[in-house]
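Summary of the model geometry
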Amino acid sequence: MKKILGSLLVLALCLSFFACRKAEKQDRVEIVYVTTGAGQWEDKLNPIIADYEKTHNVKVKLECYQQEQLFQNLEVKLGSKSSEYDVIGVDVPMVAGYVTRGYLEPMDQYFTTEEKNGFIPSAVTAGTWDGKFYCPPMNTSSQLLWYNTDYVKQAGVTIPENDVYHRLTWEQVVDLAGKVQRAVDPNGTNGIAGLMFEQVGRIYQILALPNSLGAPSIGTDGFTVKGILDSPEWIKALEFYKSTFDNGVSLRGVTADEVGNNFRAGKVCFLIGGTWNQAEADRSGFKSIAYCPCPAFRGYEDKVATPTGSWHFGVSAFSEHKAEAAEFVKYMSLGEGNTKWLVANGDIPSTQKGIEAITNNTDAPGYLKIAAYEAAHTAVPRPVTPGYSEYETVVNAMLEDIRNGADVKSSVASSISQLNTAFVKYRK
């Protein structure tokens, strides 16, 4: 009888244990994190999410999409006020537009001033609209001037000593690029460019030219372009951009999707490009690569600006689990999850402590140290405006027209007219 009672007691305890475990699982909140990176980010994010779930009574469901598909899904779901998504990956120029359409929850109640100050200034600026902080950063990006060491040696050219405090000027770089180009491709029959922007024709990189002359990309209201795009600084920057194609140092007919591969194939002497170029060179076995900080315009060395920006996190305004979503965002942007992400994906940190870790690490690669400096000191985000999509479309088209020979001032005037029309629907 005692054995039977003992067995029943054990059975009861087991049933109680499993009932508690079942109740615990039922009590776990599930949040959905939707972002880009389909086919690339899942293997990196899922282990980080699994670690988070071990210490939080939250289940995080990850959904990754291709970028354009993500944009479409967000418009459909958030546009219909669906509560299906809790945490969303936000391409940072879209912040103001999403806020204006009512898609995002402000993060000020979840992030203290001290915590916000833990991010680099450009990331906070890019994640803020109308005085409120909406989107903490996942990481950031930075650019360098890369060059083909074999070509430089073949041309007998010496790169002047330089660093982030004593930069080459754009004028010097064009001159050096022309000399190297003429030495390695004197007849122009091999299609070798002297200088190329990796994202030629795209505002992500080209806005750094007027910004490096001290000009903003848009008015402080997020809409004004008259007096900005046609300012003397913008005209000078665009004339410089055009001149690199007019004189043949930069080549027309090459798309942004081709430039990086062209550099590694020996078709570009000097390249303005992202930090990822070192990893790409390593993967492809391209050894003839070295780097400098991004150039400054002569006489404007104190105004140098570099491209920046990447993916940020947002909490859906329609989420039924905002507090849990915000806690996960904090883990992924400021906490241990962010550190794990940076290691997994090799990105540039958007936190002050991350930048300091690279700066103080004597074993960190030199190109990462330059990138960290730029992120903290010279990075200028793309324009913060609800009409970013329209701005990008119009200005990108203008840049393409100009590099293909269009008159700068008339192209600018046309773009201002188009943007003023496009922005009408956003103005209060």
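Residues numbered from 1 in each chain as written. Predicted model: local features only at pLDDT ≥ 70, side-chain atom pairs only at ≥ 80, totals over all residues. Heavy atoms only, no water.

**A closer look at helix 2 (residues 42-55)**
- Over its 14 residues, helix 2 runs 20 Å from end to end, which matches the ideal 20 Å to within 8%, given 1.5 Å per residue.
- Along helix 2, the positions that sit buried rather than exposed are L45, I48, I49, Y52 and E53. Buried residues of helix 2, seen end-on, are gathered within an arc of 145 degrees and therefore sit on one face of the element. For helix 2, the exposed residues lying more than 90 degrees away from the buried face are D43 and K54.
- Buried residues along helix 2 sit in contact with strand 1 (29-35), strand 2 (58-64), helix 14 (322-333) and helix 15 (336-345). (Helix = DSSP H or I, 4+ residues; strand = E, 2+ residues; numbered from the N terminus. Expected span 1.5 Å × (residues − 1). Buried < 20%, exposed > 50% of the residue type's maximum accessible area, 1.4 Å probe, protein only. Arc of directions from axis to C-beta. Contact = heavy atoms within 4.5 Å.)

**Some points on helix 8 (residues 170-184)**
- Over its 15 residues, helix 8 runs 21 Å from end to end, which matches the ideal 21 Å to within 8%, given 1.5 Å per residue.
- Within the sequence span of helix 8, burial applies to W170, V173, V174, L176, A177, G178, V180, Q181 and V184.
- Looking at the packing, one finds that the buried side of helix 8 touches strand 6 (143-147), helix 7 (149-154), strand 7 (193-197), helix 10 (208-211), helix 11 (232-246) and strand 8 (268-274).

**Observations concerning the packing of helix 14 against helix 15**
- As a packed pair, helix 14 and helix 15 sit with axes 4 Å apart at the nearest point and diverge in direction by 50 degrees. On the basis of the axis angle, helix 14 is oblique to helix 15. In contact with Y331, M332 and S333 of helix 14, helix 15 contributes E336, G337, N338 and K340.
- Considered class by class, the residues forming the contact of helix 14 with helix 15 number two nonpolar, three polar and two charged. (Axes fitted to C-alpha atoms, helices over the stretch in contact; angles between N-to-C directions. Parallel < 35°, antiparallel > 145°, perpendicular 65-115°, else oblique. Nonpolar A, V, L, I, M, F, W, Y, C, P; charged D, E, K, R; others polar.)

**Section: the packing of aromatic side chains**
- Taken as a whole, this structure holds 24 aromatic pairs when the rule is applied.
- Centroid distance F263 to F286: 5.4 Å. Interplanar angle 75 degrees. Geometry classified as edge-to-face. Of the two residues, F263 is situated in helix 12 (residues 256-264) and F286 in the loop between helix 13 (276-284) and strand 9 (290-292); the sequence distance between them amounts to 23 residues.
- Counting every residue linked through ring pairs, the aromatic cluster contains W170, F197, F240, Y241, F245 and F297.
- Its end group placed over the ring of F111, K330 keeps NZ or CZ at 5.1 Å from the ring centre. (Phe/Tyr/Trp six-rings, centres within 6.5 Å; stacked < 30°, edge-to-face > 60°. Lys NZ or Arg CZ within 6 Å of the ring centre and 35° of its normal.)

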